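One letter stands for each residue in the lines below.
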Amino acid sequence: MNAGPKVEWWRGATLYQIYPRSFLDSTGDGVGDLQGITGKLDYVASLGVDGIWLSPFFRSPMKDYGYDVSDYLDVDPIFGTLADFDELVRRAHELDLKVVIDQVYSHTSDEHAWFQESRQSRDNPKADWYVWADAKEDGSPPTNWLSVFGGPAWTWDARREQYYLHNFLAGQPDLNLYSADVQAALHEVARFWLDRGVDGFRLDAINFGMHDRDLRDNPPSVAPFRNLSRPFLMQDQRYNLSQPDMPQALENLRRMLDTYGDVFTVAEIGGAVPLPTMREYTLGDSRLNTAYGFEFLGLPKLTVEDVARILRAWPNGHDDGWPSWAFSNHDVSRAMSRWLDGVDHERRAALLLLLLVSLRGNIFVYQGEELGLPQAEIPFEQLRDPEAIANWPHTAGRDGARTPMPWDSDACFAGFSTAEPWLPIDPTHTGLAVNRQESNGTSILKQSRELLKLRRNSPALRAGDLDVIEAAAGVLAFTRQLKGDEVLCAFNISDQTRSWQPPESSALQVVATVGTASPGEAPPATLAPYSGIIAMKGHG
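Counting of residues starts from 1 at the beginning of each chain's written sequence and follows it residue by residue. Confidence filtering applies because this is a predicted model: local features only for residues at pLDDT of at least 70, side-chain atom pairs given and counted only at 80 or more, and all residues used for totals across whole chains, interfaces and linings. Working from all heavy atoms in the structure, the side-chain values ignore hydrogens and water.

Caption draft 1: Structural view of the overall build of the chain. Starting at the N terminus, helices and strands are each numbered in turn, a helix being any DSSP run of H or I of at least four residues and a strand any DSSP run of E of at least two. Each helix and strand counted, the chain has 15 helices and 20 strands in total. For the chain, the C-alpha radius of gyration of 23 Å lies close to 24 Å, the compact-globule estimate for 540 residues. Overall, the C-alpha framework of the chain stretches about 75 × 50 × 45 Å when taken along its three principal axes. Only protein chains enter the accessibility calculation, which uses a 1.4 Å probe; a residue is then buried when its area is under 20% of its type maximum, exposed when over 50%, and partly exposed in between. Out of the 540 residues in the chain, the part that is buried amounts to 60%. Any pair of residues with heavy atoms lying within 4.5 Å of one another is described as a contacting pair. Counting only contacts in the chain whose residues sit at least 6 apart along the sequence, the fraction spanning at least 24 positions is 68%. Under the convention used here, a 1.4 Å probe and the Shrake-Rupley method define accessible areas, while residue burial counts only the protein chains that appear. About 20100 Å² of surface is accessible on the chain, with carbon and sulfur atoms providing 49% of the total. Averaged over its 49 positive side-chain charges, the chain has a centre that lies 3 Å from the centre of its 74 negative ones. For a compact globule the rule gives 2.2 Å times the number of residues to the power 0.38, and the radius of gyration it is set against comes from C-alpha atoms. Charge assignment: positive for Lys and Arg, negative for Asp and Glu; neither His nor the chain ends contribute. Just so you know, the charge point we use is NZ for Lys, CZ for Arg, CG for Asp and CD for Glu.

Caption draft 2: Quick look at the environment of Arg449. Secondary-structure assignment places Arg449 in helix α14 (residues 444-457). Residue class for Arg449 comes out buried when judged on its relative accessible area of 15%. Each C-alpha atom, one on Arg449 and one on Leu482, is 23 Å from the other, the two residues being 33 residues apart in sequence. The definition of a polar contact used here is a pair of N or O atoms within 3.5 Å, where within protein one atom must be able to donate a hydrogen and the other to accept one, and adjacent residues in sequence count solely through side-chain atom pairs. Of the polar contacts made by the side chain of Arg449, one reaches the side chain of Ser46; its length is 2.9 Å.

Caption draft 3: Quick peek at the packing of aromatic side chains. The criterion for an aromatic pair is that two Phe, Tyr or Trp rings (for Trp, the six-membered ring) have centres within 6.5 Å, with stacked assigned to planes under 30 degrees apart, edge-to-face to planes over 60 apart and tilted to the rest. Within the structure shown, the criterion is met by 32 aromatic pairs. Relative to Trp407, the ring of Tyr43 has its centre 5.1 Å away and its plane inclined at 80°; by these criteria the two rings are edge-to-face. Taken together, the residues span a long stretch of sequence, with Tyr43 in helix α2 (residues 41-46) and Trp407 in the loop between α11 (386-391) and α12 (427-430) at a distance of 364 residues. The two residues Tyr43 and Trp407 agree in class, both being buried. Taken together, a centroid distance of 5.4 Å and an interplanar angle of 75° make the contact between Trp53 and Phe364 edge-to-face. With Trp53 in strand β2 (residues 51-54) and Phe364 in strand β13 (residues 362-366), this residue pair connects regions lying 311 residues apart in the sequence. Phe364 shares its class with Trp53; the two are buried. By the ring-pair criterion, three or more aromatic residues cluster together here, those being Phe57, Phe58, Phe85, Phe192 and Trp193. Only Lys NZ and Arg CZ are tested; either one counts as a charge over a ring when it is within 6 Å of the ring centre and within 35 degrees of the ring normal. Taking NZ or CZ as reference, Lys98 lies 5.3 Å from the ring centre of Trp9, over its face.

Caption draft 4: Quick peek at the pairing of strand β10 (residues 264-268). Burial within β10 is extensive, with five of its five residues counted as buried. Here β10 shows two buried faces, one formed by Phe264, Val266 and Glu268 and the other by Thr265 and Ala267. In this sheet, β10 lies alongside strand β9 (residues 200-203) in parallel orientation, the contact comprising four bridges. Paired with Leu203 across the bridge in β10 is Ala267. Being paired, for any two strands, means DSSP has found at least two bridges between them. The pairing of β10 with strand β11 (residues 290-292) spans three bridges and is parallel. Along β11, the bridge assignment pairs Glu268 with Tyr292. For the handedness criterion, the strands are oriented away from the viewer, and a crossover whose path from the first strand over the helix to the second runs clockwise is classed as right-handed. What joins β10 to β11 is helix α7 (residues 275-281), and the crossover it makes is right-handed.

Caption draft 5: Structural detail: the pattern of salt bridges. The rule for a salt bridge is simple: a side-chain nitrogen of Lys or Arg has to be within 4 Å of a carboxyl oxygen of Asp or Glu. Inspection of the entire model under this criterion finds 32 salt bridges. A salt bridge links Arg90 to Glu87, with the nearest nitrogen and oxygen atoms 2.8 Å apart. Pair noted here: Arg90 and Glu87 are both in helix α3 (residues 82-94), with a separation of three residues, about one helical turn. Among the charged side chains, a salt-bridge network with shared partners connects Asp42, Glu87, Arg90, Arg91 and Glu94.

Caption draft 6: Examining the packing of helix α5 (residues 180-194) against helix α6 (residues 246-258) more closely. For helices, the fitted axis covers only the stretch in contact; all axes are lines through C-alpha atoms, and the angles between them, taken along N-to-C directions, range from 0 to 180 degrees. The contact between α5 and α6 brings their axes to 11 Å, and the two run at 35°. Regarding α5 and α6, the two cross each other, and that crossing is right-handed. Across the interface between the two elements, Gln183, His187, Ala190, Arg191 and Leu194 from α5 touch Ala249, Asn252, Leu253, Met256 and Leu257 from α6. Polarity classes work like this: nonpolar for Ala, Val, Leu, Ile, Met, Phe, Trp, Tyr, Cys and Pro, charged for Asp, Glu, Lys and Arg, and polar for all others, with Gly in that last group. Classifying every residue of the contact of α5 with α6 by side-chain character gives six nonpolar, three polar and one charged. The hand of a helix crossing depends on one turn: near helix anticlockwise from the far one by less than a right angle means left-handed, and clockwise means right-handed.

Caption draft 7: Main features of α6. To estimate how far a helix should reach, multiply one less than its number of residues by 1.5 Å. The terminal C-alpha atoms of α6, which comprises 13 residues, lie 18 Å apart, in line with the 18 Å expected from a rise of 1.5 Å per residue. For α6, the complete set of buried residues consists of Met246, Pro247, Ala249, Leu250, Glu251, Leu253, Arg254, Met256 and Leu257. If you follow the buried residues of α6, they end up packed against α5, β9, β10 and α7.

Here you go:
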């Protein structure tokens, strides 16, 4: 295989997302921690990924489990210390793993010192560091904007006799990113972690970072995005999301980051129509490297038509930005349960990973995805997610995707902890524990390693163009090409055997397969139900 042209380390990289509370508990308190992560980095490196993305581990009252930061510059004691973090980074780099961490710039905790000062008066040094506004004449909130978690996006504060904005929980007041002082303070936060050796940042909910300064009401949403189960989605978030000044703030950040070299940045983009914002935030070389939204994460059913539509929305070419993709994460139900529930477990897990490693862009693998973990079942009395508790039983919530990693099926609490975990371990997960799969030569874990290493070693899969050649009758097929490297990817996402016409190329041979064909064969003209292949030139 040709080595291909040299590209940035992050372009086409695979990042393994770790949710620290649920990875491994090294102290016996039932909550995962940084030392636990460090102790399992050899396992992560063995998967063939390029780096890790750590969800928040900063000081926090944990009303939203770390996404409500009360101190950006310290580790919450439940996770360890700054020294523990430094050791994690050192060990990751020793294993050739990059370290990407969350940065929550759209809001803080209401316990953050900045907010505590801001709320004291209308004329203190940080008075404008958050979004404050007067009540309407009738005392009601300044706008009709709604919180993602339900209810108004405004809360009254008697000290200032004003409302403050919070797009999420009332305990997560929105920062005012129009303020140059706020931007400068956040740049210093980034410098603090870069100086400790991190390689990049995921910018959480960054398109919530600015608001309409005229405080105009949002209009009602229209089909197909209107969602009666979530009032937030009943509005067109025209004035509290993706405001026109945000790209300039990102350029300011990028200029600072570039002084550190090749720092990776990925934006999380929320909202019903994320694609225009994703492109805007990654345009050219002066903003962010890449962005991801909820096209796959919010997809309730996997169809070839939807996958093709999503992929075609990111055409080949530098000027159109660079996408990132995830099928599962800490905010949504696991893809195994969302998309292919009821299909043979091992095959569907492998098929989803086969599809993920084939995509153009960066990919994120969420902890446990390499084991084929389904969504865990959590009884009401053990829920922790504030959204799930508030909307029970009409939303699945996020807890079922956040349960502890099963390491050892024979150990107490599946080897995650010696104490009762903060969330229960689903019995079905115990049977999929790492120790069981390590000893099984055909396990999902073994297949995951093979597929992730295949992607890592293929220039075309990492950084090549993608062209959809078929998307009908359950069959999705596309090519990946880069400077002479050619890859064919084909999938049958249906419960029926499908015939199709592979491109004429005698040089292509199957190198990875799920449920159909065999390595070394030419691409088959018949695909079994829920099966797929990756074929490459010059492999045997």
